[in-house]
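Descriptive analysis of the structure
For reference, the chains in residue letters:
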Amino acid sequence: MTQFIIICCYLASLLGLGIFSSRLFRGTSKDYMLASHSIGPFLLLMSIFGTTMTAFALVGSTGEAFKEGVGVYGMLASSSGIIHSLCFFVLGVKVWSLGHKYGYTTQIQLFRDRLESDKIGVLLFPVLVGLVIPYLLIGVMASGTVISVVTKGAFPGIFEASAGAIPAWLGSLTVCGVVLIYVFFGGMRGTAWANTFQTIVFMILGVVTFYVIATELGKQDGFIDNLRVVSSKIPTDKLTRSHISKVKFFTYFFVPLSVGMFPHLFQHWLTAKSANSFKLAVVAHPLFIMIVWVPCVLVGVWATGMADLPGIDKLPSFLYKGGGSNKLLVFMVGKLTTPMLGGFLTAGILAAIMSSLDSQFLCIGTMFTEDIVVHYGGKDRFSDKQTIIIARLFIIAIVAITYFLSLFDNKTVFTLGVWCFSGFSSLFPLIFAALYWKRLTKAGAYACVIAAAGTWIYLFAQSDFAVNRSYTIDLTIGGEIYELMPVTGMILASTVAMIVVSLLTKPPSEATLAKFFPEKS
Amino acid sequence: MKYVIWLLVIVLIILHQDNWNWDDDTLVFGFMPITLLYHAGISVAAGVTWFLAIQFAWPTDLDEETPATKSEEGAEA
């Protein structure tokens, strides 16, 4: 019950923050969607980091380390530290500059201009929204799971079927409702503030969680002694990558390229006050990833050996089944901390989840109004107030679809995340070529998107729709089998299609090239 | 200097593929798996590399502030 009260207080404080930031709202759709380009370095760092660190980073990384061992950090965290900042540096700053110059709010506006094609939006819109939905699903599913696990036994008379816990469907519904309300009130400014607040919360509480879990498991006098005792019980296969193929590990490197095409990140980039605002995010992002992921991975691998520690029970069997590993972090928090601390730590986990959901909610509303409603309906057809209402209605529709899907899905957060990110990564060649390759043509871009979507659907089906968690593209060369992550095939197909078709078709007009590739004075 | 920065990024990508640590189960300081410590080091090295990048390879042909910000500041003045 204590955890429940703390979670309620936390959710209420977020609503308060959203309502407060709405008092600064300037009433225009530009302010609602881009905070009038007013976000400085610190808010930009925190909002970008909070957005990219989802349930995937906390709940997913702990659960995956529990299954696969410490190699998980190298597969996604250290690679992301290199690739994410590379994307902010190479793409983010350039996108901000073009958006600032030509007034873009969404990716599709940029592509329509650069490719001299109106219809590219019709092709890209469903692909991008279709990929955002599984990303949303990760957060919606994880939030319900977290609340359900932590409130077990709190309401025995009301929720008998779930052993007195708030059912996952109700937890997810509540979190969606809270995020919707503060996004609706605060728009992009409220989202940036809420992200900053939540990022601070989950980083601090993450470190506290790590300390408390180590202390409770180790039962020694000193912190380092606790770490030594707990780590000594980790099974050897979880300390090494002996069960992960080297080629598979290498091809994981392509997954973080997804940040280059995340529509919600694109929108965050455009909120920057100046190009210099990016500098802090570029430098601090890898370090922040380390601060969040190292403790999560260690907790995950500690769990594999904790049954050998004196006075610690065996882990329950549900953690080993299907998406059960998603519950590991919350289970550990609930089992090893006091109800009061457990409540705060759970709030921290929810903070990480919600700091991504809010940006995703806002971005799909923005894309729908800007790329479909205003683009096809005409700029003067709707007032700013009507545009904001349309955005909100579309957000509610997409959240309802995602919520509905979450009721049936039981995949691991990590697996779902990797498939979702792989889809965005396969479109990375498109944004990179749009900004740096003059020869990219409209037809080349179409070929790229179709090849990316086609290979994604094909490979996703081949993996039994993510049921086969360890699905890889197996390449046999000289009797040796090389396991490639599916993202490798997707990026290869989209890049080859884009280059070949672009070279075979008419280059863009001189006017477009002058606009996007001006001569340096 | 710009080329040195891009070379550093390539070196980081190569160092990330640490085949030499693959089967090493050493616990550094008695508690930190060597694989995890090495890759945490890669994260720190990435931070340092990107710090050098913003110092020496930052694009110089960008407008520094948005028109919206400029006009707000102008109004305040």
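This report concerns the structure included in the present document. It should be emphasised that the depicted structure is a prediction, and the values quoted were computed from it without experimental measurement.

Remarks on the pattern of salt bridges
Residue and element names in this part refer to chain A. In the structure shown here, the tally under the stated rule is four salt bridges over all chains. Close ionic contact of Asp118 with Arg112 constitutes a salt bridge, the shortest N to O distance being 3.6 Å. Assessed through its relative accessible area of 32%, Asp118 is described here as partly exposed. Judged by its relative accessible area of 9%, Arg112 is buried.

Some words on the nonpolar core
All names here are of chain A. Judged by nonpolar contacts, the single largest core of 197 residues is most densely connected at Phe111, Leu217, Trp293 and Trp302. When residues of this core are assigned to their parent elements, the largest contribution, 20 residues, is made by helix 7 (residues 120-150). Ignoring sequence-local partners within four residues, the contact set of Leu217 consists of Val230, Trp302, Met306, Leu309, Ile312, Met332 and Leu336.

Structural notes on the packing of helix 3 (residues 41-52) of chain A against helix 8 (residues 168-218) of chain A
Residues and elements named next belong to chain A. At their nearest, the axes of helix 3 and helix 8 sit 8 Å apart, and the two run at 70 degrees to each other. For the element pair helix 3 / helix 8, the angle class is roughly perpendicular. Viewed along their axes, helix 3 and helix 8 form a crossing whose handedness is left-handed. From helix 3, Phe42, Leu43, Met46, Ser47, Phe49, Gly50 and Thr51 reach across to helix 8, where they touch Ala192, Trp193, Asn195, Thr196, Thr199, Ile200, Phe202 and Met203. Taken together, the residues that form the contact of helix 3 with helix 8 break down as nine nonpolar, six polar and no charged.

Quick word on the pairing of strand 1 (residues 473-477) of chain A
All names here are of chain A. Pairing geometry for strand 1 and strand 2 (residues 480-484), over five bridges, is antiparallel. Directly across from Leu475, in strand 2, lies its bridge partner Tyr482. In this structure, the hairpin formed by strand 1 and strand 2 is closed by a connection of two residues, where Gly478 is found at a positive phi of approximately 60 degrees.

Definitions and cut-offs
- Residues numbered from 1 in each chain as written.
- Chains lettered and ligands numbered in written order.
- Predicted model: local features only at pLDDT ≥ 70, side-chain atom pairs only at ≥ 80, totals over all residues.
- Heavy atoms only, no water.
- Salt bridge = Lys/Arg side-chain N within 4 Å of Asp/Glu carboxyl O.
- Buried < 20%, exposed > 50% of the residue type's maximum accessible area, 1.4 Å probe, protein only.
- Core = buried A, V, L, I, M, F, W, Y, C linked by side-chain atoms within 4.5 Å.
- Helix = DSSP H or I, 4+ residues; strand = E, 2+ residues; numbered from the N terminus.
- Contact = heavy atoms within 4.5 Å.
- Axes fitted to C-alpha atoms, helices over the stretch in contact; angles between N-to-C directions.
- Parallel < 35°, antiparallel > 145°, perpendicular 65-115°, else oblique.
- Left-handed = near helix turned anticlockwise from the far one by under 90°.
- Nonpolar A, V, L, I, M, F, W, Y, C, P; charged D, E, K, R; others polar.
- Pairing = 2+ DSSP bridges.

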